[in-house]
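Chain by chain, the residues run as shown.
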Amino acid sequence: MADEVRREWFDEDYYQVLGVPKNASADEIKKAYRKLARKFHPDRNQGDKAAEERFKEISSANDVLSDPETRTRYDRVRDMAAAGFGAGGYPGGGPGGGQRVRSEDIPWSTEGTADFGDVSDLFAGLFGGGGRGRGAGRTGRGRAQRRGADLETEVTIPFDDAMAGTTVPVRIDGPAQCDRCHGSGAEPGTSPIACPTCGGAGQVNVSQGLFQMAQPCPECGGRGVRIEHPCTKCKGQGAVRKTRSFSVKIPAAVKDGATIRLKGRGEPGPAGGVPGDLFVRVRVRSHRMFGRKGNNLTLELPLTYEEAALGANVPVPTLNGAVTLKVPSGTQSGSTFRIKGKGAPMQGGGTGDLMVTAKVDVPTKLSKKEKDLLSQLRDERKESPREHLGV
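As the structure is a prediction and not an experimental result, all values here were calculated from the model.

Peer 1: Is there a simple way to explain the overall build of the protein in this structure?
Peer 2: Each helix and strand counted, the protein has nine helices and 17 strands in total. Scored against the burial criterion, the 391 residues of the protein give a buried share of 37%. Here the analysis covers contacts within the protein between residues at least 6 apart in sequence; of these, 64% occur between residues at least 24 apart. When the accessible surface of the protein is split by element, carbon and sulfur atoms take 48% of a total near 22,600 Å².

Next up, the structure:
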């Protein structure tokens, strides 16, 4: 698609479609697309035509903005459209004249002398170099293969498996490459032929006054080929609906919400095009004892009043066996101790730490002897912890 300029670029603000600013990074565009694709995917909105159209709009925006070269061309087209060039007219002698349009030629520009480049080169795919034949502007270039849609699924694993790493099965129900025709859509022993209307380009140029606008070929629907003998299994679609099973390797120390990409495991591309990817979102079940903050694990450690007041050596559980923690005398409830190297494993090697927070346990039931001893302790205590309150 990098060598094409499409008519809808003048009208469609793809940044607004994805909800990102024009200066968004590639990663921001990718995240925005995945979020919206999950929300409006046809599998989650069966029978909802509005959601289906929204999904197509989101996919078109991603196709343009995810490719750096195509995005650059799109930005230049949008800049020129905003400046009054495009469907409303053409400066400097018409298309194909090599006119270089600068912002000083635009009365309301405040951008100095920003160079839009050679218009005949930028709009070669749109204007067809002045030609008016079917498929003009694509001679000898071939048809760009359309990529299949990405898919998403979710798996949930125990906390211990997340720390150690594991392999889990994943099942996907949806379009998959037809194993009879291998995605071509043609019955084995036959082959698709180039569409006679567009010459295999997948698009035709329609005259619009001074311009010729690229539009999907009405004969082949943009596929660029015609199938004279459709595959008897997929009826010429190149894909069939079935359940596919994969084994997904989950790396050690995976975090809740992490996404693992399986390249080429998404939906097949139309007419044998490149398949999309499968994104597996990992959910990690909570642990009955441990929490996690980054590469560190957290643990709440109950202490008796005597242990906190007098100090003690207390056993502490870790992922790989118990260790002994020396609790100093006078430890307050809420104090935190660090046990190095007993946290979560880190990618690339090493481990985080275990952060242990003391919680002084106050007994709710006391024997008579315990009450007597605590009463004696209370009577012996000379200082009040509330002295600073003045009461």
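Let's pick the thread back up.
Peer 1: How should I be thinking about the pairing of strand β14 (residues 312–316) in this particular structure?
Peer 2: Side chains on a regular strand alternate between the two faces of the sheet. Here β14 pairs with strand β15 (residues 323–327) via five bridges, running antiparallel. The residue bridging Val316 from the neighbouring strand is Val323, located in β15. Joining the antiparallel neighbours β14 and β15 is a turn of six residues, in which Gly321 adopts a positive phi near 110 degrees.

Peer 1: Would you mind going over the pattern of salt bridges with me for this structure?
Peer 2: Any two side chains of opposite charge can pair, so long as their charged atoms come close to each other. Under the definition given, this model contains 20 salt bridges. Between Glu52 and Lys56 there is a salt bridge, with the nearest N and O atoms lying 3.7 Å from each other. One end of the pair, Glu52, and the other, Lys56, are both in helix α3 (residues 49–65), four residues apart, so they sit about a helical turn from each other. Across the salt bridge formed by Lys56 and Glu53, the nearest N and O atoms sit 3.7 Å from each other.

Peer 1: Before we go on, may I ask you to explain unusual backbone geometry in this structure?
Peer 2: The general pattern is negative phi for most residues beyond glycine and trans for most peptide bonds. Phi at Lys235 takes a positive value of approximately 60 degrees, unusual for a residue other than glycine. By secondary structure assignment, the location of Lys235 is in the loop between β8 (225–226) and β9 (239–250). Overall, the relative accessible area of 63% leaves Lys235 in the exposed class.

Peer 1: Got a minute to help me understand the side chain of Thr318 in this structure?
Peer 2: Residue placement: Thr318 occurs in the loop between β14 and β15. Under the relative-accessibility criterion, Thr318 is labelled buried at 9%. A polar contact is formed between the side chain of Thr318 and the side chain of Asn320, at a distance of 3.0 Å. Here Thr318 is in contact with Phe290, Val323, Lys342 and Leu354, once residues within four sequence places are set aside.

Peer 1: Any chance you could explain the pairing of strand β13 (residues 296–304) here in plain terms?
Peer 2: Here β13 shows one buried face, formed by Leu297, Leu299, Leu301 and Leu303, and one open face, formed by Asn296, Thr298, Glu300, Pro302 and Thr304. Here strand β12 (residues 291–293) runs beside β13; their pairing, made up of three bridges, is antiparallel. Bridged to Arg292 within β13 is Leu297. Where β12 hands over to β13, the hairpin turn is made up of two residues, of which Gly294 adopts a positive phi near 65 degrees. Note: β13 against strand β17 (residues 354–361), eight bridges, orientation parallel. Across the sheet, residue Glu300 finds its bridge partner in β17, namely Thr357.

Peer 1: Just checking my understanding: could you explain the layout of surface pockets for this structure?
Peer 2: It is the rolling of a water-molecule-sized probe over the atoms that shows where space remains empty. Each pocket or cavity is described by its volume, and for the second largest pocket that value is around 790 Å³. Contributing to the lining of the second largest pocket are 20 residues, with Tyr305, Glu306, Ala309, Leu374 and Leu377 lying nearest its centre. Contributing elements (two or more residues each) for the lining of the second largest pocket: α8 (305–310), β17 and α9 (368–380). Across the lining of the second largest pocket, the residue classes tally to 11 nonpolar, four polar and five charged.

Peer 1: What exactly am I supposed to notice about the sheet that holds β13 here?
Peer 2: Two orientations exist for strands paired in a sheet by backbone hydrogen bonds: parallel and antiparallel. In spatial order, the strands read β12-β13-β17-β16; together these four strands make up an open sheet with mixed pairing. Each having just a single partner strand, β12 and β16 (336–339) make up the two edges of the open sheet. Looking at each pair of strands side by side, their axes are set apart by 35 degrees on average, direction ignored.

Peer 1: Whenever I open this one, the packing of aromatic side chains confuses me. Can you help?
Peer 2: Within a pair of aromatic rings, the relevant descriptors are the distance that separates the centres and the angle that separates the planes. In total, this model carries three aromatic pairs according to the counting rule given. With a centroid separation of 5.8 Å and 85 degrees between ring planes, the pair formed by Trp9 and Tyr74 is classed as edge-to-face. On the criterion of sequence distance, the pair formed by Trp9 in the segment before α1 (14–18) and Tyr74 in helix α4 (residues 68–82) is long-range, its members being 65 residues apart. Look at Trp9 and you get buried, because its relative accessible area is 0%.

Peer 1: Help me understand the sheet that holds strand β10 (residues 259–262) in this model?
Peer 2: On the basis of which strands lie adjacent, the open sheet formed by three strands has the order β3-β11-β10 and mixed pairing. Each edge of the open sheet is held by one strand with a lone partner, namely β3 (151–157) and β10. Neighbouring strand axes in the sheet, compared pairwise and without regard to direction, differ in orientation by 25 degrees on average. As defined by bridge partners, β10 adjoins strand β11 (residues 278–284) across four bridges and the pair is classed as antiparallel. The residue bridging Ile260 from the neighbouring strand is Val280, located in β11.

Quick notes on the rules
Residues numbered from 1 in each chain as written. Predicted model: local features only at pLDDT ≥ 70, side-chain atom pairs only at ≥ 80, totals over all residues. Heavy atoms only, no water. Helix = DSSP H or I, 4+ residues; strand = E, 2+ residues; numbered from the N terminus. Buried < 20%, exposed > 50% of the residue type's maximum accessible area, 1.4 Å probe, protein only. Contact = heavy atoms within 4.5 Å. Areas by Shrake-Rupley, 256 points an atom, 1.4 Å probe, with all protein chains shown as cover. Pairing = 2+ DSSP bridges. Salt bridge = Lys/Arg side-chain N within 4 Å of Asp/Glu carboxyl O. Polar contact = N/O pair within 3.5 Å; in protein donor to acceptor, adjacent residues only side chain to side chain. 1 Å grid on protein atoms, 1.4 Å probe; cavity = no way out; pocket = protein on both sides within 12 Å on 5 of 7 lines; lining within 4 Å. Points joined across faces, edges and corners; volume = space filled by probe spheres on them. Nonpolar A, V, L, I, M, F, W, Y, C, P; charged D, E, K, R; others polar. Axes fitted to C-alpha atoms, helices over the stretch in contact; angles between N-to-C directions. Phe/Tyr/Trp six-rings, centres within 6.5 Å; stacked < 30°, edge-to-face > 60°.

By themselves, these are just geometric observations and shouldn't be taken as functional.
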